[in-house]
Every structure is written in structure tokens, then in C-alpha cells.
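# Breakdown of the fold
Each chain, written out:
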Amino acid sequence: MAGIGFELRKILAKPSYLNTLRAYGYAALISSGPWVLSIVSLALLGLVCRGLASEHQMELVFASVTYVYALSLILTGPVQMVLTRYAADQKFIHRTDKIFPAIVTTLAFTSALSAIIGLILFVGFVPAPLLFQLSSACLLVLVTSIWVMTVALSASRNYHGVLISFLSGYAISFLAAWACTHWLGPSATMLGMVAGHLILLLMLLRITFIEIGEFEFKNLEILGYFKKYSHLALCGLFYNLGIWIDKILFWFISSDRKQVAGFLYTSPDYDQVVYLSFLTIVPGMAVFLLTLETGFATHYEQFVQRVLGKATFAQITEAKEGMVSSLREGFSQLIKIQGAFTLLLIIFTDRFLSFVGLGAVQSGSFQITALGVFLLVLFLSHLTICFYLGKLRDAMLCCFVFALVNGAVTAWTISSGEQWYGFGFLIASAVAATMAATKVNRHLQLLEYDTFTSQSIHG
Amino acid sequence: MTKLKPFSDVCLLLEGTYPYVSGGVSSWVDQIVRGMPDLTFSLFYLGNQAATKGTPHYKLPENVTSLSEVYLYDKLSPGELTPGKAPREATRLFYQTLRGFLTEKADARRIAQFWELIECLDAAEGKFRFGNLCKDFEAWELQLELYNQLAATESFIDFFWTTRFLPLPVWHLLSGRHELPAARVYHSVTTGYAGLIGAVAARKFNAPYLITEHGIYNNERLAEISRADWIYEAENTAFRYSEGLSVFKRLWVEFFFFLSRVAYSSADRVFALYQGNATLQVGYGADAHKMEVLPNGIDPNKFDQALQKRAERMSTRSEKHCIGFIGRVVTIKDVKTLIRAARILVQNVPGAFIQIIGPTGEDQEYFEECQGMVNEFALEDVVLFLGNQNILKVLDQLDVMILTSLSEGLPLVILEAFSAGIPVVATDVGACRELLYGRTPEDQALGPAGIITRVSSPSETADALQKMVTDPSLLREMGVAGRRRAERYYTQKALLARYHQVYTDHSWSPKRAIESSA
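So, how was this worked out
Residues numbered from 1 in each chain as written. Chains lettered and ligands numbered in written order. Predicted model: local features only at pLDDT ≥ 70, side-chain atom pairs only at ≥ 80, totals over all residues. Helix = DSSP H or I, 4+ residues; strand = E, 2+ residues; numbered from the N terminus. Rg over C-alpha atoms; globule rule 2.2 N^0.38 Å. Buried ≥ 20, exposed ≤ 12 C-beta atoms within 10 Å, placed from the backbone. Expected span 1.5 Å × (residues − 1). Arc of directions from axis to C-beta. Pairing = 2+ DSSP bridges. Right-handed = clockwise from strand over helix to strand, strands pointing away. Axes fitted to C-alpha atoms, helices over the stretch in contact; angles between N-to-C directions. Contact = placed C-beta atoms within 7 Å. Bend = angle between axes of the 7 residues up to and from the residue. Core = buried A, V, L, I, M, F, W, Y, C linked by C-beta atoms within 7 Å. Nonpolar A, V, L, I, M, F, W, Y, C, P; charged D, E, K, R; others polar. Domains from an automatic or database assignment. pLDDT = per-residue confidence, 0-100. Parallel < 35°, antiparallel > 145°, perpendicular 65-115°, else oblique. Left-handed = near helix turned anticlockwise from the far one by under 90°.

### Observations regarding the overall build of chain B
A tally of helices and strands in chain B yields 23 helices and 14 strands. A compact globule built from 518 residues would reach a C-alpha radius of gyration of about 24 Å, and chain B, at 26 Å, matches this within 12%. Expressed as lengths along the three principal axes of its C-alpha atoms, the size of chain B is roughly 85 × 60 × 40 Å. Counting over 518 residues, chain B shows a buried share of 44%.

Take a look at the structure:
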């Protein structure tokens, strides 16, 4: 028989669908959740140590811990995202055995890097007793490792164990810090923090090992992922940089800045207010993640199932409408709750500030940054949707713009006077939230087009 | 790709045949090319995938000046899959034309729009790539529009992939249009993809274009698609019974039918092997007044020795009657009907026996079933499987040739039997009736060269065989008629002469053949 007809069977192998990553949502929250916990424990520490150490010594601890958190978050920002992705991918292809070695390998790299940076910074540029310098460097290594572990655990969904580890870890940090200060003197406060964080890290390691542990500790495949998902890595970097850039600028270029010791600066007027506002992120993110989990994710799964399950186009679009309406519902709930919360804080700012021991001078900046956090929650939520839809490049661009605007406008507000403090963060959050919302909106509109046309004809 | 000379007398467009694949069509092409050493040929070969092409089955004769190869199911290069940046206006025009083309119902207008589409692609000068069809939003919108029009209640993912794969081979094919060799005449030996590129070539060079079909491409594809299990069909849907094919199968079928329609509409002359095929081709869109029946041919003199030896053998009366079946032992040849016929025949004609000559290994299961039947009917001495034999050496032993096929084109074995003076009993398929009884009145006047029987009818087959082997004078008359028919109407000489004529004298074409610049 002449003619070749077709031999498409081989070529018609169905393209595999990328697993979507629920863990992304948590990765976004992780950078704020423990930070919130540590602010609380630091504040408590400040209260109980009042009689034991001088104000300057407490300031040194505060500034050091703050630097450790800022540095570790910026440092692990890129790692968190990529590791999350790797873990989810391995899970999807049923190679969970490769996750643990990848985590250990990542830990080795981040520990080495953070140890070098910690030693240079604290030993080289912070005049303090050696015990303090070394334990600060140690804390940087531990906190960095904890971020890496938390990411790994966000995919494991053993929330209970993770929560208990965090609560007990911070409780021990708090108690040990107090005890060390009490028995060994102010320069040992950091040692107590180290002990608490070490126990937290070990607990997290234990949970991970029980769940997915292997006696195999090397997996260099993860390094290739940084190249492959450079958008994701940059996204983590820019996001965390964006969260911290306004504070860092206040430390180094503000006229109100205060040198604590050597390279350690604080900007008390701004810092306290912005940490406090940051605490308000909790209700909004909780609400959003809940709706994301119950509504949006379920609808997205249905969408994918219909696409693959030979549904008609009308049925596919219907599933997408379900996604959109669940998202709309989630956002309206988020806006209502976070909005009401923020509104209450703004109305009762003075009373609230005096309750936590801050002066009325800072009420303006507090109101502005509280509003900023409201918008940040919106940004973060849209960012999570971007990850869900696999729009990593757009997510990265949004984070880049967030960091850029925050840096630029904050620099300008610092030179323009106190009444403008906080506007950098507010405007950056507003711009980033608008940008992310526009992207999400567009991608949802084009979801069917994207879903189908992003598949290569050759499988 | 090797290009020896830029210009040839004839460009043959070959789909999955000569020189890479053996078979009836390929040996026909070989016959044509070797039979006209005074003409030069360029070959344009369409294959499946370059990786599986293998080595050429035929050694190319000296008068083949070039061999171009296009592989229709190869992977596209990453560059081709990256959308090109054609000017906005050109893109808009392309999709407008594509939309018109795809939604057009009237054939003639659709073909006209196809040519406009080619012009759009030419104008885009490679800036419009397959990646555009995959990624452009306009393409997606068009896909949705067609889906809503044709298959709104069907699986969308299957529609999406079907409509994305359909144009892939055509895209490869059209990319090959830049490689088309210049020739005086273009001749495609099928319709389908080869027909399409033949039409494109003829249009590009404004040269005469002819088609020869051995089988009917559309029918072959139709059979293939009906059987295909990789094309999605919703289960338990009523339309399968009312309309025969599912939406996706219909898409494929219509696609192939359209390829053929473009070829037929562009051809200046369409050759069929026999009248039955010509009628089918007209049904599929070929112009009745472009049709010409030109059967396969052989050299009857090659069989003179067999003819003589057989005549000597037949002159002595014998109770033994050798009936020969020459062909592969496969389902389509329906050997089982022959075995059933043998059982009936030997009851009336004890001296009759059947030699089955041809390879048995192609469908081992079928062969074993046939052997099982022979044993069951206790016909071990009557039905003999001889395997592959040199036909020239065995023909003289046959009294009658039998053909029980379910489907045939123009079987060469019948012409070989005729040349050796052997009458034939054959089923009413393909060109068999024309061969045995004659096509034109003049031809029919030569007398029957055998007996036509119904398909799958053991009793009719047995009756016909009995009638012939028990009547030596009938046998002789039919043998003479067959040999005469072969000599008069089915010679290779006549075949070559006619094609040589259409290759060199282009007065039959409205187009002026281009003159050699070489």
C-alpha cells in the first residue's frame, strides 16, 4: 500500500501535567510566621531581662537577633523557593527518597555560607565579648538552617509537629536566654538563644528524618535546580530583600539611626513601629491560606482533572469559573477581615501604642505601615496564586518591583522627614499588590489558552 | 539530500515507496525510470521519520539526477517551534485566510483559499513558523471556534491535539516546497501528501502535473482510520452507529480527502489502473475528462518458454489437474475460501489438486489456521503449501490459476498467467473482471480468459474450477484469449510508450512546460 498515512501513536504520547504546588503558599508564609514568633519572644525577653542587663546590652541582643533574622531570610530566600519546588517535583514522581539528601546538601551549603558571613560580621565588625560574637555567628547558622528545614517541612504537612517544635524552641530560647543572662551575665544571653534554636533545629530534623529520612546525605541534583528555576530563586531573594530593604535603609542612611556597636545600627523610631505592624499579617494570611486550601485548590484540581479527563470545553471553562469565584470569595473574606482588623488598629492607634509602650509620635508611621501590611497581605496572596499557576517569571518581576519601589521610596522618605516614614513600604506594597493582581487576573483570563498552548507538540 | 543536476525531464513525487520501500508501486516506478533511459528523473521522496528510513531498496539508475527527501513525522526543530515575528498585518491576513479556509464548506472555494494560504506563507518568508500555530492567540481562538462548530460536545483535549497534529505533516511538506527540483513535468504516484506537494510544485513552476494512483489513497486512509484505536472515540455514543465515524476520525478522513482534492483539482491528467478505480477517483473529486485508464504492463515474451512447455504438457490428456494459487498466505487473499472450495472440488473431480505458491511467514497465525483446515478436511494430498518459488519455473505446471482475494488492484500475477496461456478464476475485485472479460468492446471481443466468481463463495469457486478443468477446449480457448489480451493491452511497452509520450509531448496540458535552461 503506497503512502505513509500516519504513525502518530508514538508521537501522540500525552504531555505530562506539572504538579501544582500547595507548598508554595506556605513558603510565602514561612518568611513571616517565625519572624513574628521571634519578635514576640524578643519583646518578652526585653521585659524579663530589664533588671539583669543594661539597656545597651539588651539593645545589642535585639540588634544582633534582628540582623540574624534579616540576613538569614535574605540568604535563604532563594533557597527556600527552589527547595520547595524540588521537593514537590520529587514527590510527584515518587522519588521522595531523594528529598532528604537534597535537604542535607542544601544545609551544608547554607551553613558554610552563613558561618562565613556570621563570623566576618560579628567577629570582625561588632565590638563585643568573644562569647557574644561567636554565639551570634552560631545563631545565624542555626536560623538559616531552620528556614531551610521549615521549607522542607511545609511539604510534609506535619503541621502539628512543626508547630510544637516552634513553640517549644522559642520557649526554650526565651527561658535559656533569661537563665544564661541571670547566671552567666549579659554577654551569655545569645548563648541561651543559640541553645533554644539548636533544640528547635534538632526537633525539625527529627520530624523530617522520621518522615522521609535516608542514610544518604548527598544529592547534587538540587544544584541544577537553581539554574533551572532561577526565576524562583530570584523571586525568593527579591521578596525577602523587599521586606527588609526599608529597615536596612533606615539603619544605614537615616539621621535618626543609632549605632549599637560597630556595624550594628538600629533606627528605634521606625523599627519598633514596623515590627509591630508586621504582627498584623497573621489574621489575613491565615484566612487566605484557608480559603486557598479549601476552595481554590480544590477547584484547580477539578480544572486539571477536566482538562485531562476528556471534558468538553464548556465543562473546562466552568471549572475555571469555579476557581475564579472561589478566589473572589477568598479575597473578599481577606479584605473584610484584614481590613476590619487594620481599621480597628488605625482608629485605636494611640491606645494600642501606649498599651505596648510606644509613644504617640510614632502613631502616624504605625498607621501607614499597618495599611502597608494590609496591602502586603494582598500582594502575598496574589503572589501565591502566581506560583500556583506556574507563572514564576511574573512572580519574580512582582517581587523585584516590590524591592525596587520599597528601596527607592524609602530612601526618599528618609530624606523628606518623619511624617513620610513608612510610605516606602506602603507604596511598594500597593504597587506590588496591584501588579500581582493584574498578572493573576490576566493569567486566569487566559488560563485555558495557557494550559493547552504551553504544552509542546513533541511531548 | 543529493542534488546532482538542477533540472530534469520528470519529477516523481513518491510517498513511502520508491526507492526506500519495496512493493508493487515501487517496482512500477523502477520499471518506468529504467524503461526511459533517454529521460532524466528527479525524485522527491516523502517518508515517515528520517530515523526509520533504512537503506534504499532500489539502486538508483543513472538517469535519476536527484533525490530529495522530506520526512513528515519528524520532530520539528526548536527554531521551527519558536513563534516567528511576522509583521502584524501579515499575521492578521494569514489567520483571516486560514479561518476562511477552515470554515469554508464549498470545495472549489476551499481549494482557492488553500492557495491563498500558501501565498501568505510565501509572503511571510519564514517569519511565520509552526510555533506561531502553537502559540499565537489567534490560532487558539480559531481552534475554539472550530471546536464549537464541529465538536462542542466532545473531549476538548482530544480535539486540541488532533487539530494540532493534523497540520504537522503538511507543515513539513510545505517547508519542503523550497527544495522542489525544477522539472518539465511533475508526476505523483499517489494523491495524499505526495499529491499535495505535486500540486504545489506544478503551480510553482507552472508545469504540467499528472497523477497515477495504483490503489485509491482515500480508501486506504479511510480503512486505516476506521481501524485506528489511537483516535479517541467516546464510548456508547449513538453517532457511531448512525454516522459511522467519530468526530475525530471524521476530521482525519476529511483532512486526507482534502489533500487528494487539491491534487485532483490541480492535475492535468489522472491515470487509473483500471476503470473501477477511475470511477472511484471521479467520485473523490477528479475531473471525468482528465481521466485515463492505463493498466500495468508486463513483457509477455518473457513467458514464451513457460507457454510452450505448458502447451506441450496440456496436449497429453491427464486425470491430474493442477490449480495454482500465487500470492502471500494472508487474510486479504482469503486462502480459507480456496481450501473450502477444494473440499467441494475434489468430491467431483478427484484428480484436482491445489498448489499454494508464495510466502507463508507474513501472518503465521493465519497460515497455521489454514493448515489446520487442510488437516481437518483431510486434504493433505490436495492442498499443498509450496512456499516461495520462482514463478517463471512453476507456471508451466499450472492448468488453471485461482485468485480468491477480498481486495485487489490490478494483480500482476493474472498478467503473468495470461502470458503463459493460463486461464484464471478470480473473485470480482479490483481490475479482475476487466482483465478476465475485457474492458472495451474491442477487448471483450477477444473472449473471456477465465471466470469471475463472487467474493468468499467456496461453491462458486469450486464450480468455476470444475467447469474449466473438465473442459480442455474451454481451457485452451481461454488461455489463448488471455495471452492475446496481455499482448494487446497489457504490455510494458505500451505502458512505457504512453508515459513517454505524456512526459515529452505536453500538448495535453494547458500549461506550457518550462524549457530547460541547463
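### With respect to helix α3 (residues 88-103) of chain B
Residue and element names in this part refer to chain B. Here α3 is 16 residues long and its end C-alpha atoms lie 22 Å apart, about the 22 Å a rise of 1.5 Å per residue gives. Thr-91, Phe-94 and Leu-98 are the residues of α3 that are buried. Buried residues of α3, viewed axially, fall in a sector of 60°; they line one side. Exposed residues lying more than 90 degrees from the buried face of α3 are Arg-88, Glu-89 and Arg-92.

### Here we look at the environment of A:Leu383
Along the chain, the position of A:Leu383 falls in helix α15 (residues 363-388). For A:Leu383, a count of 28 C-beta atoms within 10 Å puts it in the buried group.

### Some words on the pairing of strand β6 (residues 209-213) of chain B
Residue and element names in this part refer to chain B. Of all the five residues making up β6, five are buried; the element is thus mostly covered by neighbouring parts of the structure. Every second residue of β6 is oriented toward a common face, with Tyr-209, Ile-211 and Glu-213 on one face and Leu-210 and Thr-212 on the other, all of them buried. One ladder, built from three bridges, connects strand β5 (residues 182-188) with β6; its direction is parallel. What sits directly across from Tyr-186, in β6, is Tyr-209. For the crossover that starts at β5, traverses helix α9 (residues 192-205) and ends in the parallel β6, the hand is right-handed. Both β6 and strand β7 (residues 269-272) contribute to a ladder of four bridges, which runs parallel. Bridge pairing links Glu-213 to Ala-272 in β7.

### Points about the sheet that holds strand β9 (residues 321-326) of chain B
Residues and elements named next belong to chain B. Sheet architecture is open: six strands sit in the order β11-β10-β9-β12-β13-β14, paired in parallel fashion. The sheet is open, and its two edges are formed by β11 (383-387) and β14 (450-453), each paired on a single side. Strand-to-strand twist of the sheet, defined as the mean angle between neighbouring strand axes without regard to direction, takes the value 25°. Taken together, the two bridges between β9 and strand β12 (residues 400-403) define a ladder with parallel strand orientation. Note on β12: the bridge partner recorded for Ile-323 is Val-400. Taken strand by strand, helix α21 (residues 458-469) contacts β9, β10 (352-357), β12, β13 (424-427) and β14, and its axis lies near 170° from that of β14.

### Comments concerning helix α10 (residues 230-253) of chain A
Of all the bends found along α10(A), the most pronounced is centred on A:Trp244 and spans about 45°. Across the 24 residues that make up α10(A), a large majority, 19, are buried.

### Details of the environment of B:Tyr147
Among the secondary structure elements, B:Tyr147 is positioned in helix α6 (residues 137-150). Sequence-wise, B:Tyr147 and B:Phe159 are 12 residues apart; in three dimensions their C-alpha atoms are separated by 7.1 Å. Setting aside anything within four residues of it in sequence, one finds B:Tyr147 in contact with A:Phe313, B:Ala152, B:Phe156 and B:Phe159.

### Remarks on the nonpolar core
All names here are of chain B. Ranked by internal contacts, the top residues of the largest apolar core, which has 273 residues, are Leu-14 and Leu-465. Those residues in contact with Leu-465, other than ones at most four positions away along the chain, are Ile-323, Ala-341, Leu-345, Ala-352, Val-400, Ile-402 and Val-425. Membership of the second largest hydrophobic core comes to five residues, among which are Ala-86, Leu-98, Leu-121 and Phe-128.

### Considering the interface of chain A and chain B
Contacts between the two partners involve 23 residues from chain A, matched on the other side by 39 residues from chain B. Secondary structure elements with two or more residues in the side of chain A that touches chain B: α1 (8-11), α12 (281-308), α13 (313-347) and α18 (447-453) of chain A. Looking at side-chain class alone, the side of chain A that touches chain B contains 14 nonpolar, six polar and three charged residues.

### Observations regarding the domain arrangement of chain B
Domain assignment breaks chain B into domain 1 (2-74 + 181-293), domain 2 (78-165) and domain 3 (300-490). In this assembly, six residues from domain 1 of chain B lie in contact with six residues from domain 3 of chain B.

### Let's talk about the confidence of the model for chain A
All names here are of chain A. Per-residue confidence for chain A averages 83 on the pLDDT scale, and 89% of its residues sit at or above 70. α1 is the least confidently modelled element of chain A, averaging 32 in pLDDT, while helix α17 (residues 423-445) averages 95, the highest of any element. Throughout residues 1-28 the model reports pLDDT below 50, and contacts reaching past four residues in sequence, or to other chains, amount to 70 contacts.

### Section: the pairing of β10(B)
Residues and elements named next belong to chain B. Relative to β10, β9 runs parallel, the two being bridged by six bridges. In the strand pairing of β10, Gly-324 is matched with Gln-355. Handedness of the β9-helix α15 (residues 335-348)-β10 crossover: right-handed. Of the strand pairs in this sheet, β10 and β11 are connected by four bridges, and their pairing is parallel. Looking at the pairing, Ile-357 lines up with Gly-387 of β11. Following the chain from β10 across helix α16 (residues 364-376) to the adjacent parallel β11, one finds a crossover that is right-handed.

### Some points on the packing of helix α1 (residues 24-35) of chain B against helix α23 (residues 492-504) of chain B
Axes are the key here: two packed helices are described by the angle between their axes and the distance separating the axes. Residues and elements named next belong to chain B. Between α1 and α23, the least distance of the axes is 10 Å, while the angle of their chain directions is 70°. One element, α1, and the other, α23, form an angle in the roughly perpendicular class. The two elements α1 and α23 meet at a crossing, and its hand is right-handed. In this structure, α1 contributes Gln-31, Ile-32 and Gly-35 to the contact, and α23 contributes Gln-492, Leu-496 and Tyr-499. Considering only residue class, the contact of α1 with α23 consists of three nonpolar, three polar and no charged.

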